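Structural description and commentary
Residues per chain are reported as follows:
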Amino acid sequence: VEASIPEPQREAWKRNQITSFTDKDGFEKEVVRHVETTLARSMFNCDEIAAYSATSLAFRDRLITHWNRTQQRQTYRDTKRVYYLSLEFLMGRALDNAMLNVGLKNVAQDGLAELGFRIEDVVKQEHDAALGNGGLGRLAACFLDSLATLNFPAWGYGLRYRYGIFKQEIIDGYQVEVPDYWLDFNPWEFPRHDVTVDIQFFGQVNKKTVGGKTISVWEAGEIVQAVAYDVPIPGYDTPTTNNLRLWSSKASGGEFDFQKFNSGDYESSVADQQRAETISAVLYPNDNLERGKELRLKQQYFWVAASLYDIVRRFKKSRRSWNEFPDQVAIQLNDTHPTLAIVELQRILVDIEGLEWDNAWEIVTSTFGYTNHTVLPEALEKWPVGLVQHLLPRHLQIIYDINLFFLQSVEKAFPDDRDMLRRVSIIEESQPKMVRMAFLAIVGSHKVNGVAELHSDLIKTTIFKDFVEIYGPDKFTNVTNGITPRRWLHQANPRLSELIASKCGGNDFLKDLTLLNQLEKHVEDKQFRKEWAEIKYANKVRLAKHIKDTTGVVVNPASLFDVQVKRIHEYKRQQLNIFGVIHRYLSLKAMTPDQRKKQLPRVSIFGGKAAPGYWMAKQIIHLINSVGAVVNKDEDIGDLLKVIFLEDYNVSKAEMICPASDISEHISTAGTEASGTSNMKFVLNGGLIIGTCDGANIEITREIGESNIFLFGNLSEDVEDLRHAHTYGSHTIDSDLDKVFNEIEKGTFGTPHDFSAMIAAVRQHGDYYLVSDDFHSYIETHQLVDEAYRNQDEWIAKCITSVSRMGFFTSDRCINEYAEEIWNVEPLAVDRHSIWGP
Ligand code: CBF
């Protein structure tokens, strides 16, 4: 371990080692010290934001020492590390998580109370770190939590976007996007101005002879500097604190061109600086959609090149031979976004380190694993060859060589199948030619995994079928997604977590979620059910208050809360949900007052962002709000139906919404949702779900039992035939759905023209998402939900049983599977007594 202080002087350092606070008094001292010194406020001048800042700084100090020691320990032991490369980390808020993981939330709560603050108000001051779009980015965040909790030596690498996912405002029922500048005050990051990497773009490749060997040299072009910002990731109930390194872009060689500035050319003097800073300025706000923009490719290369430089630099310190690289380094590609890392490592090994191609390629393929998160064609990344050539000329050459050697091997193995070469080529011979990133990721990795059983089967039988033939089935595997119970139960639903702990022998279930199975023996316990129901009700009251505060609509917490919160996408079928809501509304309207009295009150709650360029998704939001505007003020209906669209759905809102749902909707067209993870969050928080046989819904059903979930709709194996029939046969629309369409067209919910494309997608354009095919079974299943909810005792029993069987869906299980099957990496035991200990 590098240490600059000579042995004789270390005694003084040891004597003065930092001791972190462990009790209320120590915590208060730290808060007061930070308010007065770090924040430079005079005594007693402290508002909630200052209290948040000082509390965060107090906890941050604590984390730093653990973090330093974790890094030292990992360096000292020199074991294999995992590097998780993700363009998105949807972290949410950090303070609450840090307090709980460190185990000192009670101390902070009491201390803050004495200093005059409520901890809930202080926690709310934090801006969400929203560096992601949805499931993929949140999965990365859950994985970081599990990696640290399980003591794996692991780093996350991402981009430090100045603007995360936009803030959503709803104005006159429409989504309006507002920039999310989240970095005003961010105590959780450490700029490492000494950790910088120069990243090259453009230029040309020249052949040179060095020592009798001809090598390719990538020259000239533009240089942008990557600066590291580190974020500590505390594990739960362990001193292990891992690192998330986010790169920020900066002009290389100074702030701006002083010569141009002096000569009066003010604008162009800052142009380079601005161009460089643009690279990490903003997160692309598309979920499951790739658009092929040059800046996005620049972001990808900037990030993987900086990360690989860092990884290689760390490896080289150990002075091992290159062949040991895969024994020391496992790199996981979170989707195809970091696929250029494969090419970059090959470039480093061949062009810079002078290894032979085959030797280098062996090292590369043993190092990488690739996770696929979607089968949707519009989400599969392809880059125009011309663009790659222009931006990264040497990389394109390497891609061509990788492809050549790959196709040669395919030709050898399948000499009679010429078409196979065309189908699997990394270069698509289209106009223009494209680089198929998923194929490059498969060829350059030793393992490829999907994220739920159905999804992993689908990739093997559809988009990657040929590759299974080429490599054999063992290269492909499944790791069903999971969520961290620390954030998604303990933090989001503290009362339920406490109740569960009281029945499961304490908090150990938070580290071994299978211990939840102890709940099942208490299902019949009346007092337990009562407490369970009270907690759910309290969570609904809290959400009802939020709804009132943000929308002005008063909802009755005794109603059935029916929630669909996720990105707005046609395949996720919020349109099916809102058509179902209209059907319910029409049915209620057609009833006599006496009949209505027998109906169950319901609140339909929606939330989620549409990609700014996704017009149809925005129309869906508009329809939901338009229906709400009519239904919510209809006096015939009153509490029987309310329709709410929650603005700006994000991680911290999810923490409030998940514990408050009775039923949540996971209703994608079968075969389209790779996994889904909010389904897991809702069940873990004691809500039931209505869903299609898609993604992880299938495994959730297997675990919790068919009688505890409301499944409906066509199966994935039927989808292709149905689509074919829509296009080539006659396509009759479900009669109830037709009535819904007629009502929209009558203008009941505003200008019909606004929604005509949504209707035409079903009636005239082949109903690609099978809305009509599934409508009847969707409506019938909702009737079953109503009936089931009337029997509250049984409903609660179903919820408790479901929670007790959710042990499988922890992200700790995922990480252990990745570690064993893909990374071949061991956790690093924490020796609490050694100097490398806590
Ligand atoms: O695997 C995590 C999640 O990734 C997505 O969000 C993605 O962006 N491809 C999928 O859509 C989800 O199904 C999946 O749970």
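Predicted, not measured: the structure shown is a model, and the values here were computed from it.

1. A short note on the nonpolar core
Phe201, Trp247, Ile500, Trp532, Phe579 and Trp823 are the most contacted members of the largest nonpolar core, which has 235 residues in total. Beyond its immediate chain neighbours, meaning those up to four positions away, phenylalanine 201 contacts Trp218, Ala220, Gly221, Glu222, Val224, Ile279, Lys298, Tyr301, Phe302, Leu391 and Leu392. Formed by 22 residues, the second largest nonpolar core is a distinct cluster that contains Phe21, Ala54, Leu63 and Leu112.

2. Some points on the confidence of the model for the chain
Atomic detail in the predicted coordinates should be set aside for any region of low pLDDT. For the chain, the average pLDDT comes to 96, and 98% of its residues sit at 70 or higher. Note on the complex model: pTM 0.98, ipTM 0.99.

3. Remarks on the packing of helix α26 (residues 615-631) against helix α32 (residues 756-763)
Here α26 crosses α32 at 110°, and the two axes come no closer than 9 Å. As judged from the angle between their axes, α26 and α32 are roughly perpendicular. Between α26, through Trp615, Met616, Gln619, Ile620 and Leu623, and α32, the contact on the second element is made entirely by Ala757, Met758 and Ala761. Split into classes, the residues belonging to the contact of α26 with α32 amount to seven nonpolar, one polar and no charged.

4. Some remarks on the site of the ligand
Among the 14 residues in the neighbourhood of the ligand, the closest are listed as Asn288, His373, Asn481, Glu673 and Gly676. Contacts to the ligand include asparagine 288, whose side-chain N or O atom sits 2.9 Å from an oxygen atom. One of the side-chain nitrogen or oxygen atoms of glutamate 673 is found 2.6 Å away from an oxygen atom of the ligand. Alone, the ligand offers 350 Å² of accessible surface; in the complex the protein occludes 95% of this.

5. Some points on unusual backbone geometry
The omega torsion across glutamine 431 and proline 432 is 0°, close enough to zero to call that bond cis. You can see proline 432 is positioned in the loop between β15 (427-428) and β16 (434-436). Backbone geometry at alanine 40 places phi at a positive 55°, although glycine is not the residue there. Positioned with a positive phi, aspartate 237 is a non-glycine residue whose angle comes to about 60°.

6. A few points about a nonpolar patch on the surface
On the surface, Phe258, Phe261 and Tyr266 cluster together into a nonpolar patch covering about 340 Å² of accessible area. With respect to the secondary-structure elements, phenylalanine 261 resides in helix α8 (residues 258-262). Looking at phenylalanine 261, the relative accessible area reads 33%, which means it is partly exposed.

7. Description of the pattern of salt bridges
The full count for this structure, using the stated rule, is 64 salt bridges. Measuring nitrogen to oxygen at the nearest pair gives 3.6 Å for the salt bridge that ties aspartate 25 to lysine 24. Between arginine 763 and aspartate 738 there is a salt bridge, with its nearest N and O atoms 3.2 Å apart. You can see arginine 763 sitting in helix α32 and its partner aspartate 738 sitting in helix α31 (residues 735-746), a full 25 residues away along the chain. Take arginine 763: its relative accessible area is 23%, and that puts it in the partly exposed class. On the basis of relative accessible area, aspartate 738 is assigned to the partly exposed category, the value being 27%. Three or more residues joined by partner-sharing salt bridges are found here, namely Arg192, Asp230, Arg245, Asp310, Arg313 and Arg314.

8. Quick word on the packing of aromatic side chains
Under the criterion given, the structure shown has 30 aromatic pairs. Measuring from ring centre to ring centre gives 4.9 Å for tyrosine 789 and tryptophan 795, while their planes differ by 85°; the resulting arrangement is edge-to-face. Summarising the burial analysis for this pair, tyrosine 789 and tryptophan 795 share the class buried. Here a set of aromatic residues connected by ring pairs shows up, and it is made of Tyr83, Trp155, Tyr157 and Trp247. In this arrangement the basic side chain of arginine 62 is found over the ring face of phenylalanine 21, its NZ or CZ atom lying 5.6 Å from the centre.

9. Points about the packing of helix α3 (residues 48-77) against helix α4 (residues 95-102)
Running from N to C, α3 and α4 cross one another at 45°; their axes reach a closest spacing of 10 Å. Overall, the two elements α3 and α4 adopt an arrangement that is oblique. Seen from above, α3 lies across α4 with left-handed handedness. For the pair α3 and α4, contact is made by Tyr52, Thr55, Ser56, Phe59, Arg62 and Leu63 and by Leu95, Ala98, Met99 and Val102, respectively. Split into classes, the residues belonging to the contact of α3 with α4 amount to seven nonpolar, two polar and one charged.

10. Let's talk about the sheet that holds strand β4 (residues 154-159)
Strand order in the open sheet made by the nine strands is β7-β10-β11-β4-β1-β12-β13-β17-β18, with mixed pairing throughout. The open sheet has two free edges, formed respectively by β7 (190-201) and β18 (476-478), since each of these has just one partner strand. In this sheet, adjacent strand axes meet at a mean angle of 25° when their direction is disregarded. Examined bridge by bridge, strand β13 (residues 368-371) and strand β17 (residues 447-450) share three bridges and lie parallel to one another. Looking across to β17, one finds that glycine 369 is bridged to lysine 447. Of the strands in this sheet, β12 (329-334) and β13 touch helix α14 (residues 357-367), which is tilted by about 45° from β13.

11. A closer look at the sheet that holds strand β20 (residues 602-607)
Pairing within the open sheet is parallel, and its six strands lie in the order β21-β20-β19-β22-β23-β24. Of all the strands in the sheet, the pair left with one neighbour each is β21 (641-646) and β24 (710-711). Sheet topology note: the β20/β21 ladder contains six bridges and is parallel. Across the sheet, the residue bridging to arginine 602 is leucine 641, located in β21.

12. Regarding empty space enclosed by the protein
With the rule as written, the count across this model stands at five cavities of 30 Å³ or more. For the largest cavity, the calculated volume is near 770 Å³. Looking at the largest cavity, it is lined by 44 residues, and the ones nearest its centre are Asn133, Gly134, Gly135, Leu136 and Asp287. Those elements that provide at least two residues to the lining of the largest cavity are α7 (135-149), α27 (651-657) and α28 (678-684). Its residues assigned to classes, the lining of the largest cavity comprises 15 nonpolar, 17 polar and twelve charged. Put simply, the second largest cavity is a space of about 70 Å³. If you trace the second largest cavity, you find 13 residues lining it, with Lys566, His666, Ser668, Glu673 and Asn679 closest to the centre.

13. Focus on a negative patch on the surface
A surface patch of negative charge is lined by Glu717, Asp718, Glu720 and Asp721. Relative to the assigned elements, aspartate 721 resides in helix α30 (residues 716-728).

14. Concerning the side chain of lysine 642
One can find lysine 642 in strand β21. Here lysine 642 sits buried without a salt bridge, and the closest side chain of opposite charge, aspartate 639, lies 4.6 Å off (N-O distance). A distance of 3.4 Å separates the side chain of lysine 642 from the backbone oxygen of asparagine 632, its partner in a polar contact. From its side chain, lysine 642 meets the backbone oxygen of glycine 638 in a polar contact 3.0 Å long.

The rules behind the values
Residues numbered from 1 in each chain as written. Predicted model: local features only at pLDDT ≥ 70, side-chain atom pairs only at ≥ 80, totals over all residues. Heavy atoms only, no water. Core = buried A, V, L, I, M, F, W, Y, C linked by side-chain atoms within 4.5 Å. Buried < 20%, exposed > 50% of the residue type's maximum accessible area, 1.4 Å probe, protein only. Contact = heavy atoms within 4.5 Å. pLDDT = per-residue confidence, 0-100. Axes fitted to C-alpha atoms, helices over the stretch in contact; angles between N-to-C directions. Helix = DSSP H or I, 4+ residues; strand = E, 2+ residues; numbered from the N terminus. Parallel < 35°, antiparallel > 145°, perpendicular 65-115°, else oblique. Nonpolar A, V, L, I, M, F, W, Y, C, P; charged D, E, K, R; others polar. Near = heavy atom within 4 Å. Polar contact = N/O pair within 3.5 Å; in protein donor to acceptor, adjacent residues only side chain to side chain. Areas by Shrake-Rupley, 256 points an atom, 1.4 Å probe, with all protein chains shown as cover. Patch = residues over 30% accessible without salt bridge, like charges linked within 9 Å, V, L, I, M, F, W, Y side chains within 5 Å. Salt bridge = Lys/Arg side-chain N within 4 Å of Asp/Glu carboxyl O. Phe/Tyr/Trp six-rings, centres within 6.5 Å; stacked < 30°, edge-to-face > 60°. Lys NZ or Arg CZ within 6 Å of the ring centre and 35° of its normal. Left-handed = near helix turned anticlockwise from the far one by under 90°. Pairing = 2+ DSSP bridges. 1 Å grid on protein atoms, 1.4 Å probe; cavity = no way out; pocket = protein on both sides within 12 Å on 5 of 7 lines; lining within 4 Å. Points joined across faces, edges and corners; volume = space filled by probe spheres on them. Lys, Arg positive; Asp, Glu negative; His and termini not counted. Charge placed at Lys NZ, Arg CZ, Asp CG, Glu CD.

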